[in-house]
Amino acid sequence: MEKRIALALGGGGVKGISHIGVLRRLEQNGFTVQSLAGTSIGALVGAFYALGYTPDHIEELFANFRQSQLYGKVKGEEPSLLGFNGLARRLKELIGERAFTDLKIPFAATATWVEYGREVCLREGSLIEALLASMALPGIFPMRFINGMGLVDGGMLNPVPVNAARALAAPDTPIVAIPLTAPLGVPATMERIVLSRFIPRWLNERIKRMRLVRAADVFFLTQDMMNRANTTHHLEVSKPDLIIRPAVAHLNTLQRVDARAIIKVGEEAVEAALPQLLKLFDTNTAAQARADV
Amino acid sequence: MDIALALGGGGSKGNSHIGVLRRLEQEGFKIRAVAGTSFGGIVAAFYALGYTPDEIEDAFSDFEQTSLYGKSPGDEPSFIGVAGGAKWIEGHIRDRTFDDTQIPCALTAVDLISGSEVVLSEGLLMDSILATIALPGLFPAQRRGEYELTDGGVLDPVPVAPARALAPTLPVFAVTLNAPIGETSHSLSLSSLNLIPEPIAERLSRLRYARAMDVVLRSLDVMMRAVAEYRLTIDRPEAIIRPQVTDIGTLAKVNVREIAKRGERAVDEILPELKDLFSWQKRAARALRLWV
């Protein structure tokens, strides 16, 4: 029997590189990803996969991204602290004008429509536009307009798009969710102000002690916490068939990292979840689950 | 008809809690316990201390809303501070503690260090109020021992679970001020902070960094609304009262009595449903559930 699953790939900046390892190990263990939905970095990885890139190929892409060159600003864009210039240019080279109709498997990217506070599931039109909207971390990256909707990062409302994944999936396909955020009640390490390594440590320390910086720090810390709360609650309400958590919660969203090390964490998470994954296809338990419903 | 109340956060919108309290009392509901978050926490504390809804309305109407902001020496860092508001509240609450309340009362806050919700129900009321209203980054966080406390609305905008913990056998009525997901809201945006006179604010809002900041504030509001809706889905209060306040900014200057009226209307809208909770069938079902 073919082991088909549908994936919901969560957001979380560089933590999302672990999705590559998740995809690879799933393939190696004979699982077929039949459809996938992603938010933010999860949308980026998911889009490449849906375009037909192998996990090895995606890994190569990410290892070659020069993080310092991704964040330039473009004139005429919505205001933000950093921009997506480098990334947008790189994506243009890789994806070009391709649209959702060019994908090999069903895929959706989610974004947040700020004005209405609504999750928007992007499934048609330009792939690049959808990805840039899904990754537009508010204030840091520019808000994007699609069909008149001002869109920011899908992770603001829903860090792991289980509902979108379910909408795409064929009936009876188990939904596997890959959240990247730490559970609630665990001290946050994320988003405490991390400054560039090029600033000398003494100056760094000085800046960190500035009152406004500390106020901003509190602000980002709470944003992280709400993100974790929303992840926890969404998973509780949307009930995916399985949750796999790569151990990446300690990483910072925009931190500079070794891609290969993080990919390995994704692989390990699948490895650890293998018994539960196989159980999804054990005919007896599957029949039992249906009987319970 | 004994109930427990969970009063949600929402700044100025929270004046509608006053109308909710008044209508519930008039209709014969007995509020036996009250939990509150943020502005809901202020109303909860006043009510638990024995202020009637009319007295709360008069007191809040007297507050000079332009004097809300400001910083005191020794505050934790914050963008605008809430020294004026704090001083005014202290004038009413003084050094009273949770032991002085006439009904059980709890306020919620969030600990920035451990990333978890903290329910405050002992010690000085004033200390807990300062913690529950500490809008992240905007108002100063409060250090209490090993905790660094900020607005409870971050994790629990409508404190249903704390209300239920105060009175486990009673139905919980939740009053939420957050716009439901998918509606326009004007709760948090740069202009809603009222920091600067209108013409200057208008100019400033055209600045690029101001606009970026505005997106950040609005996203925060969206996240808080998502947290609120999820919690209501998961915590299942027996009734949800939703005053129509989506047009009001969290820190807007408002007419207290007008907003309070909106709370009354919200109760009237679902009054049959609220009373139905006390039909003998529903009572029996609750008793049975508790007994099991």
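Coordinates for the structure precede this section.
Let us look at the structure shown here.

Rules used throughout
Residues numbered from 1 in each chain as written. Chains lettered and ligands numbered in written order. Predicted model: local features only at pLDDT ≥ 70, side-chain atom pairs only at ≥ 80, totals over all residues. Heavy atoms only, no water. Helix = DSSP H or I, 4+ residues; strand = E, 2+ residues; numbered from the N terminus. Rg over C-alpha atoms; globule rule 2.2 N^0.38 Å. Buried < 20%, exposed > 50% of the residue type's maximum accessible area, 1.4 Å probe, protein only. Contact = heavy atoms within 4.5 Å. Areas by Shrake-Rupley, 256 points an atom, 1.4 Å probe, with all protein chains shown as cover. Lys, Arg positive; Asp, Glu negative; His and termini not counted. Charge placed at Lys NZ, Arg CZ, Asp CG, Glu CD. Salt bridge = Lys/Arg side-chain N within 4 Å of Asp/Glu carboxyl O. Patch = residues over 30% accessible without salt bridge, like charges linked within 9 Å, V, L, I, M, F, W, Y side chains within 5 Å. Buried area = accessible area lost by both parts, 1.4 Å probe. Nonpolar A, V, L, I, M, F, W, Y, C, P; charged D, E, K, R; others polar. Core = buried A, V, L, I, M, F, W, Y, C linked by side-chain atoms within 4.5 Å. Arc of directions from axis to C-beta. Polar contact = N/O pair within 3.5 Å; in protein donor to acceptor, adjacent residues only side chain to side chain. Pairing = 2+ DSSP bridges. Phe/Tyr/Trp six-rings, centres within 6.5 Å; stacked < 30°, edge-to-face > 60°. Lys NZ or Arg CZ within 6 Å of the ring centre and 35° of its normal.

### Here we look at the overall build of chain B
For step 1, the next point in the chain: Along the backbone of chain B there are eleven helices and eight strands.
For step 2, the next point in the chain: Computed over the C-alpha atoms, the radius of gyration of chain B is 18 Å, within 12% of the 19 Å expected from 2.2 N^0.38 for a compact globule of 292 residues.
For step 3, the next point in the chain: Seen through its C-alpha atoms, chain B measures out along the principal axes to roughly 60 × 40 × 35 Å.
For step 4, the next point in the chain: Going through the 292 residues of chain B one by one, you find that 59% of them count as buried.
For step 5, the next point in the chain: For chain B, the proportion of contacts with a sequence separation of at least 24, taken over those separated by at least 6, is 76%.
For step 6, the next point in the chain: Total accessible area on chain B stands at roughly 12000 Å², and carbon and sulfur atoms take up 53% of it.
For step 7, the next point in the chain: Across chain B, 31 positive and 38 negative side-chain charges occur, with their mean positions spaced 5 Å apart.

### Re the overall build of chain A
For step 1, the next point in the chain: Of the regular secondary structure elements, chain A holds ten helices and eight strands.
For step 2, the next point in the chain: By the burial criterion, 56% of the 293 residues in chain A qualify as buried.
For step 3, the next point in the chain: For chain A, contacts bridging at least 24 residues in sequence account for 76% of all contacts bridging at least 6.
For step 4, the next point in the chain: Taken as a whole, chain A presents about 12900 Å² of accessible surface, with 53% of it coming from carbon and sulfur.

### Some words on the environment of Ala272(A)
For step 1, the next point in the chain: Positionally, Ala272(A) belongs in helix H9 (residues 259-279).
For step 2, the next point in the chain: A sequence separation of 28 residues divides Ala272(A) from Ile244(A), and the C-alpha atoms of the two residues are 8.8 Å apart.

### Observations concerning the pattern of salt bridges
For step 1, the next point in the chain: This structure, assessed with the given rule, holds 32 salt bridges over all chains.
For step 2, the next point in the chain: Residue Arg24(A) pairs with Glu59(A) through a salt bridge whose shortest N-O separation is 2.7 Å. Taken together, the residues Arg24(A) in helix H1 (residues 18-28) and Glu59(A) in helix H3 (residues 55-64) connect sequence positions 35 residues apart.
For step 3, the next point in the chain: Residue Arg24(A) is classed as buried on the basis of its relative accessible area of 12%.
For step 4, the next point in the chain: Measuring nitrogen to oxygen at the nearest pair gives 3.3 Å for the salt bridge that ties Asp58(B) to Arg257(B). With Asp58(B) in helix H3 (residues 53-62) and Arg257(B) in helix H9 (residues 256-269), this residue pair connects regions lying 199 residues apart in the sequence.
For step 5, the next point in the chain: Overall, the relative accessible area of 37% leaves Asp58(B) in the partly exposed class.

### Considerations on a negative patch on the surface
For step 1, the next point in the chain: Taken together, the side chains of Glu90(B), Asp95(B), Asp99(B), Asp100(B) and Glu122(B) make up a negatively charged region of the molecular surface.
For step 2, the next point in the chain: Tracing the sequence through the fold places Asp99(B) in the loop between helix H4 (83-93) and strand S3 (105-111).

### Thoughts on the interface of chain B and chain A
For step 1, the next point in the chain: Facing the 43 residues of chain B at the interface are 44 residues of chain A.
For step 2, the next point in the chain: Interface area for chain B against chain A, summed over the two sides, is near 3900 Å², with a carbon-plus-sulfur share of 70%.
For step 3, the next point in the chain: When the area that chain B buries against chain A is broken down by residue, the three leading residues are Pro77(B), Met223(B) and Tyr230(B), summing to 17%.
For step 4, the next point in the chain: For the side of chain B that touches chain A, the elements supplying multiple residues, two or more each, are S3, strand S6 (147-151) and helix H8 (208-235) of chain B.
For step 5, the next point in the chain: It is H8(B) that contributes the most residues to the side of chain B that touches chain A, 20 residues altogether.
For step 6, the next point in the chain: Across the side of chain B that touches chain A, the residue classes tally to 22 nonpolar, eleven polar and ten charged.

### Overview of the nonpolar core
For step 1, the next point in the chain: Core analysis: the biggest nonpolar cluster contains 69 residues, and Leu7(A), Phe48(A), Phe62(A) and Phe107(A) have the highest contact counts within it.
For step 2, the next point in the chain: For this core, the leading source of residues is H9(A), giving nine residues.

### As for the environment of Ser219(B)
For step 1, the next point in the chain: Among the structural elements, Ser219(B) can be located in helix H8.
For step 2, the next point in the chain: Judged by relative accessible area, which is 2%, Ser219(B) ranks as buried.
For step 3, the next point in the chain: A C-alpha to C-alpha distance of 22 Å links Ser219(B) and Gly40(B), two positions 179 residues apart in sequence.
For step 4, the next point in the chain: If near-sequence neighbours (up to four positions away) are discounted, Ser219(B) is found in contact with Val114(A), Pro138(A), Val152(A) and Met156(A).

### Quick notes on H3(B)
All names here are of chain B.
For step 1, the next point in the chain: For H3, the set of buried residues is Pro 53, Ile 56, Glu 57, Ala 59 and Phe 60. Here the buried residues of H3 occupy an arc of 165 degrees about the axis, which is enough to place them on one side.
For step 2, the next point in the chain: In this structure, the buried residues of H3 make contact with helix H1 (16-26), helix H2 (39-48), H4 and H9.

### Describing the side chain of Asp153(A)
All names here are of chain A.
For step 1, the next point in the chain: Along the polypeptide, Asp 153 turns up in strand S6 (residues 149-153).
For step 2, the next point in the chain: Engagement of the side chain of Asp 153 in a polar contact is seen with the backbone nitrogen of Gly 155, the distance being 2.7 Å.
For step 3, the next point in the chain: What Asp 153 contacts, discounting residues up to four positions off in sequence, is Thr 39, Ser 40, Ala 111, Thr 112, Ala 133, Ser 134, Met 135, Ala 136, Leu 137 and Pro 138.

### Considerations on the pairing of S6(A)
All names here are of chain A.
For step 1, the next point in the chain: For S6, the buried fraction is high: five of the five residues fall into the buried class.
For step 2, the next point in the chain: Across three bridges, the pairing between strand S3 (residues 107-113) and S6 is antiparallel. When the bridges of S6 are listed, Ala 111 appears paired with Asp 153.
For step 3, the next point in the chain: With three bridges joining them, strand S5 (residues 144-146) and S6 adopt antiparallel strand pairing. Across the sheet, Phe 145 pairs through a bridge with Gly 150, a residue of S6.
For step 4, the next point in the chain: The antiparallel hairpin formed by S5 and S6 contains two residues in its connecting segment, where Asn 147 sits at a positive phi of about 50 degrees.

### Here's the deal with the packing of aromatic side chains
For step 1, the next point in the chain: Evaluated as defined, the whole model comprises twelve aromatic pairs over all chains.
For step 2, the next point in the chain: When the ring of Phe60(B) is compared with that of Trp88(B), the centres are 5.7 Å apart and the planes differ by 70 degrees; the resulting orientation is edge-to-face. Within this pair, whereas Phe60(B) is found in helix H3, its partner Trp88(B) is found in helix H4, the two being separated by 28 residues in sequence.
For step 3, the next point in the chain: We classify Phe60(B) as buried; its relative accessible area is 6%.
For step 4, the next point in the chain: Among the aromatic residues, ring-to-ring pairing joins Phe39(B), Phe46(B), Tyr51(B), Phe60(B), Phe63(B) and Trp88(B) into one connected group.
For step 5, the next point in the chain: The ring of Phe31(A) has Lys3(A) sitting right over it, with the charged end atom 4.8 Å from the ring centre.
For step 6, the next point in the chain: Taking NZ or CZ as reference, Arg286(B) lies 5.3 Å from the ring centre of Phe278(B), over its face.

### Some details on unusual backbone geometry
Note: most peptide bonds trans; most residues except glycine with negative phi.
For step 1, the next point in the chain: Despite not being glycine, Asp172(A) has its phi angle at roughly 65 degrees, a positive value.
For step 2, the next point in the chain: As for its placement among the helices and strands, Asp172(A) is situated in the loop between helix H6 (162-168) and strand S7 (175-178).
For step 3, the next point in the chain: Assessed through its relative accessible area of 69%, Asp172(A) is described here as exposed.
For step 4, the next point in the chain: Positive phi is not limited to glycine here, since Arg94(B) has a value of about 50 degrees.
For step 5, the next point in the chain: Relative to the helices and strands, Arg94(B) resides in the loop between H4 and S3.

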